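Structural features, examined
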Amino acid sequence: MDEVPKKQIRARYDEETVTVYQAFRPEIADPAVADGRWPEAFSRDRMTWIKPSFRWLMYRSDWARSPGQERIVGVVITRQGFDAALEAAVLSGYEPGLHASKAEWQRALRRSPARVQWDPERDLHLQPLPHRSLQLGLSGELVRRYAGEWLVRIEDLTPQAHELHATRDAALLPPERPYPMPPGAAARLGAG
């Protein structure tokens, strides 16, 4: 078996789209799923965090049981948009060796509309694995583009999350595979 790189995006994607996951309260998720677009209650003025790892979102939302995270949505967006966000992103924390200096990283962070965090991936029991999963924070113009031009559809995955919690059946997981990051973004974000 091949060893999984320490930092690698694993996602459900095809030639044109990539699916990211978010957890919301019903007042946001219900109209988003019903209408196929984000309702007014979805804030376009604050950072929103998207996750291409379903298992990581299960950890973050405690299987869709955490207050305010009771509904799980799969947000299908264009790969062009996802790649543009990766190209604009800066690591949320300073890493010597990836940044010339802490001051340079801080300047880049202030200018960037996107942040990347690498958090431990999770197994089906939500225990940490030795490799990392990507979280991508979008702000400013990137949130508006995510909510508008990049959006293809919004899927309700709450029942799947509940069934996966009850059974821990790996067959219920979305089919995620290594995502080919744009080379410049991969090097800048420390991905393998």
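What you see is a predicted model; the values in this text were computed from it and never measured.

It is worth spelling out the overall build of the chain at this point. Across its full length, the chain carries seven helices and nine strands. For 192 residues, the compact-globule estimate of 2.2 N^0.38 gives 16 Å, and the C-alpha radius of gyration of the chain, at 16 Å, lies within 12% of that figure. With respect to the principal axes defined by its C-alpha atoms, the chain has extents near 45 × 45 × 35 Å. Residues classed as buried in the chain amount to 47% of the 192 residues present. The long-range fraction of contacts in the chain, counting pairs at least 24 apart against all pairs at least 6 apart in sequence, stands at 76%. Of the roughly 9400 Å² of accessible surface on the chain, a fraction of 49% belongs to carbon and sulfur atoms. Between the averaged position of the 27 positive side-chain charges in the chain and that of its 26 negative side-chain charges there is a distance of 7 Å.

On to the packing of aromatic side chains, then. For any two aromatic rings, the description comes down to two numbers: the centre-to-centre distance and the angle of the planes. For the structure on display, the rule yields 10 aromatic pairs. Ring geometry for F24 and F42: centres 6.0 Å apart, planes at 70°, overall edge-to-face. One end of the pair, F24, is in strand β2 (residues 17–24); the other, F42, is in the loop between α1 (26–35) and β3 (48–50), with 18 residues separating them in the sequence. When its relative accessible area of 3% is taken as the criterion, F42 is described as buried. Ring centres of W56 and Y59 lie 5.7 Å apart, and the angle between their planes is 65°; this geometry places the pair in the edge-to-face category. In this pair, W56 and Y59 both sit in helix α2 (residues 54–61), three residues apart, roughly one turn of the helix. Put simply, the rings of F24, W38, F42 and Y146 pair up and form one aromatic cluster. A cation sits over an aromatic face here: R122 above Y59, 3.5 Å from the ring centre. One Lys or Arg, R177, reaches over the ring of Y13 and ends 3.9 Å from the middle of that ring.

Ranked by size, the top nonpolar core spans 39 residues in total, and within it W38, F82, L86, L136, L138 and Y146 carry the most contacts. Ranked by residues supplied to this core, first place goes to helix α5 (residues 141–147) with four residues. Setting aside residues no more than four positions away along its own chain, L136 makes contact with T48, W49, I50, F82, A85, L86, A89, A114, R115 and V116.

Looking at the secondary structure, you find E155 in strand β8 (residues 151–156). Since its relative accessible area comes to 18%, E155 is described here as buried. One polar contact links E155 to R153, side chain to side chain, over a distance of 3.1 Å.

Time to look at the pattern of salt bridges. Throughout the structure, instances matching the rule amount to 11 salt bridges. Between E149 and R145 there is a salt bridge, and its shortest N-O distance comes to 3.4 Å. In this structure, R153 and E155 form a salt bridge, with 3.1 Å as the shortest nitrogen-oxygen distance. In the salt-bridge network here, residues are joined through shared partners; they are R10, R55 and E121.

Our next topic: the environment of A185. Its place among the elements puts A185 in helix α7 (residues 183–188). Taking relative accessible area as the criterion, A185 reaches 0% and is therefore assigned buried. In this structure the C-alpha to C-alpha distance between A185 and Q80, which are 105 residues apart in sequence, comes to 14 Å.

Thresholds applied
Residues numbered from 1 in each chain as written. Predicted model: local features only at pLDDT ≥ 70, side-chain atom pairs only at ≥ 80, totals over all residues. Heavy atoms only, no water. Helix = DSSP H or I, 4+ residues; strand = E, 2+ residues; numbered from the N terminus. Rg over C-alpha atoms; globule rule 2.2 N^0.38 Å. Buried < 20%, exposed > 50% of the residue type's maximum accessible area, 1.4 Å probe, protein only. Contact = heavy atoms within 4.5 Å. Areas by Shrake-Rupley, 256 points an atom, 1.4 Å probe, with all protein chains shown as cover. Lys, Arg positive; Asp, Glu negative; His and termini not counted. Charge placed at Lys NZ, Arg CZ, Asp CG, Glu CD. Phe/Tyr/Trp six-rings, centres within 6.5 Å; stacked < 30°, edge-to-face > 60°. Lys NZ or Arg CZ within 6 Å of the ring centre and 35° of its normal. Core = buried A, V, L, I, M, F, W, Y, C linked by side-chain atoms within 4.5 Å. Polar contact = N/O pair within 3.5 Å; in protein donor to acceptor, adjacent residues only side chain to side chain. Salt bridge = Lys/Arg side-chain N within 4 Å of Asp/Glu carboxyl O.

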